[in-house]
Amino acid sequence: MTAVGPGRELSRRSFFRLGGAVGAALALGPALSACAGPTGAAGPGTMTLALNRSLVSLDNKLNQFDAAVTVQRAVRQGLTRIGPDLTPELVLAESFELTDDTQWTVKLREGVRYSDGTPVTPDDVATALQMYRDVSGSFLAAFFREWPTVEVLDDRTFTMNTEKPEPVLDYLMANILVTPAAANAPEELQSGVGSGPYVVASSNRGTGEYTLTRNAAYWGPAANVETVRVRFLPEESSRVVALRSGEVDVIDTISPDSADQLAGLPQVVVERADSTRISQLFYNFRKPADHPLSDVRVREALSYAINGPSLVDDVLVGSVKEATGVVPSALAGATATHSYSYDPRKARQLLEAAGVRSGDLELTLIWETGEFANDVSVMESTVQMLGDAGVRSRLIQFQPGGDISLWRQGKAGDWDVLGNGYASPTGLALTMLKGMYGGTAEKEETRDTYHGYVFPDVQELIDAAGTEVDPGRRQELLDQAQDAVWDTWPCMWSFVPNAVLARRQRVADLALQSTNSYPLASTKLAV
């Protein structure tokens, strides 16, 4: 095995080796729980969350991991948020109306203010948009075809104006978190003042540990829980043990095996929801023209080598659904008219037709630990399936907090397939299409495309849908765009996981949403 950067290269193993390891960890649960002890147990007014990914910021300018959003929105808020039915709800805005094809008029709620008592102003919104625009490597920038300009009408009212129509701006603005203009910067903010129901009492970006306390000056209803502690526990077995022992109250991103076993415990509840996230084995589109992966026939052939039903049933134990399109079918505007087929014989035939003989092609598959449940098993199974089709491959695994972002941008080294996940932060198919498949040559110059995916015909269809005011015509364009994306075979395989977390029974009213987040302020602790 050869270590590459911060990653860890794995040998080929059987499908179920990790499942066995997880099972063994759970079987040792009582003993490990005894070791853990009650030392870190929370007090009666404190709720502790254990995340599988390190929370590196209480701002979302660069990254927007699902669980992180729950915490970030408890401190910083947007004009709107995406509600349980995946439509916008007003937060800092009292009204948010389309007053012209290229103009939205917004009025802030009376009395909205930050934790230091200063009011939220239209200038803060204008500055927030500028900071999200100027930050390098923004995750959210891909969703905005153009950044709206703000014209202040009075101390609570302003217009947001665009060159072309932006009919879903109320959805997009749910992801722009507002900070006082003087304290904002084109970077992920580590602390500072927000308008949310919680304030930051302490933070340690290195360990991913944060303590939030109730915002005494909150403009809305006070949060139910007085103190929230956030911990980073990358190993699933550690999160499970900590939950069982009562050391933590909520854990996220658990495998089907863990969910099944935790569901049988009297003090634990497993929450599930349909997901707006898609996970895929995505190709590297930055390959030179003479590389096999630049040939769409090769990309299609490799898809036939993947036994999707086996991965769904045997490795992921029915906790996911095989994707039926290029975005999750639950998203508004999604089409579900495509499907993957498992046919290894056809895979070999198509590879030979494309000039790729058995054993000639070797692929490097990379992924970050915790990207999706049972990630190691999925990736190792993929290696075995590719081997059956005559394709050699190796795995490189990155620990959370490593340099995976640089690899995604092609700045840290070469790779062929990335085990990756992507969520729609708006509940719209359009947003995900923009983010993943709306790349342009200009964006690729700064490596702001999705793994080098640049197809002008596809991008033009997505752009046309994004500026179409008529809902019927917009859907027609979305359908065409999704068909065009599918025809490029961007993924070897993809699936839609459920959002799954587990909580102690003392935690009540945790309303898990399809976005794999929940409103922290309304969550309660039993007396």
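Here the structure is shown first, and the text comes after it.
Keep in mind it's a predicted model, so treat the numbers as computed, not measured. (Residues numbered from 1 in each chain as written. Predicted model: local features only at pLDDT ≥ 70, side-chain atom pairs only at ≥ 80, totals over all residues. Heavy atoms only, no water.)

1. Description of the packing of aromatic side chains
- On inspection of all chains with the given rule, the structure shows 18 aromatic pairs.
- Where tyrosine 218 meets tryptophan 219, the ring centres are 5.3 Å apart and the plane angle is 50°; that geometry is what we call tilted.
- The side chain of lysine 61 reaches across the aromatic face of tyrosine 132, ending 5.3 Å from its centre. (Phe/Tyr/Trp six-rings, centres within 6.5 Å; stacked < 30°, edge-to-face > 60°. Lys NZ or Arg CZ within 6 Å of the ring centre and 35° of its normal.)

2. Remarks on the sheet that holds strand β7 (residues 149-152)
- Here we have 4 strands laid out as an open sheet, ordered β5-β6-β8-β7, and antiparallel in their pairing. Taken across any chain shown, the strands that pair with only one partner, and hence form the sheet edges, are β5 (93-100) and β7. For this sheet the average axis-to-axis angle between neighbouring strands, irrespective of direction, equals 25°.
- Sheet analysis places β5 next to strand β6 (residues 103-108), joined by 6 bridges and oriented antiparallel. (Pairing = 2+ DSSP bridges. Helix = DSSP H or I, 4+ residues; strand = E, 2+ residues; numbered from the N terminus. Axes fitted to C-alpha atoms, helices over the stretch in contact; angles between N-to-C directions.)

3. A few points about unusual backbone geometry
- Positive phi, close to 60°, is recorded for histidine 451, a residue that is not glycine.
- Checked against the element boundaries, histidine 451 lands in the loop between α14 (441-445) and α15 (456-466).
- Residue classification places histidine 451 among the buried residues on the basis of a relative accessible area of 2%.
- Its identity as a non-glycine residue notwithstanding, tryptophan 489 has a phi of 50°, on the positive side.
- Relative to the elements of secondary structure, tryptophan 489 occurs in the loop between α16 (471-486) and β19 (491-497).
- Since its relative accessible area comes to 13%, tryptophan 489 is described here as buried. (Buried < 20%, exposed > 50% of the residue type's maximum accessible area, 1.4 Å probe, protein only.)

4. Quick look at the sheet that holds strand β9 (residues 198-204)
- Reading across the sheet, the 7 strands line up as β9-β10-β11-β2-β12-β20-β13 and stay open at both edges, with mixed pairing between neighbours. The open sheet terminates on both sides in strands that have one partner only, identified here as β9 and β13 (268-273). Between one strand axis and the next, the sheet turns through 20° on average, direction left out of account.
- As defined by bridge partners, strand β2 (residues 46-51) adjoins strand β11 (residues 227-232) across 6 bridges and the pair is classed as parallel. The residue of β11 that forms the bridge with methionine 47 is valine 228.
- Relative to the sheet, helix α6 (residues 236-245) contacts β2, β12 (250-252), β13 and β20 (499-504), its axis offset from that of β12 by approximately 160°. (Contact = heavy atoms within 4.5 Å.)

5. Quick word on empty space enclosed by the protein
- Taken as a whole and judged by the stated rule, the model has 5 cavities of 30 Å³ or more.
- Volume-wise, the largest cavity comes out at about 90 Å³.
- At the level of elements, β2, α3 (66-75) and β12 are the ones that each hand at least two residues to the lining of the largest cavity.
- Considering only residue class, the lining of the largest cavity consists of 9 nonpolar, 2 polar and 1 charged. (1 Å grid on protein atoms, 1.4 Å probe; cavity = no way out; pocket = protein on both sides within 12 Å on 5 of 7 lines; lining within 4 Å. Points joined across faces, edges and corners; volume = space filled by probe spheres on them. Nonpolar A, V, L, I, M, F, W, Y, C, P; charged D, E, K, R; others polar.)

6. Details of the layout of surface pockets
- Roughly 770 Å³ of volume is contained in the second largest pocket.
- The wall of the second largest pocket is formed by 40 residues, among which Arg73, Arg81, Tyr518, Pro519 and Leu520 lie closest to the centre.
- Within the residue set of the lining of the second largest pocket, elements represented by two or more residues are α3, β3 (80-82) and β4 (88-90).
- No other element matches α3, which puts 5 residues into the lining of the second largest pocket.

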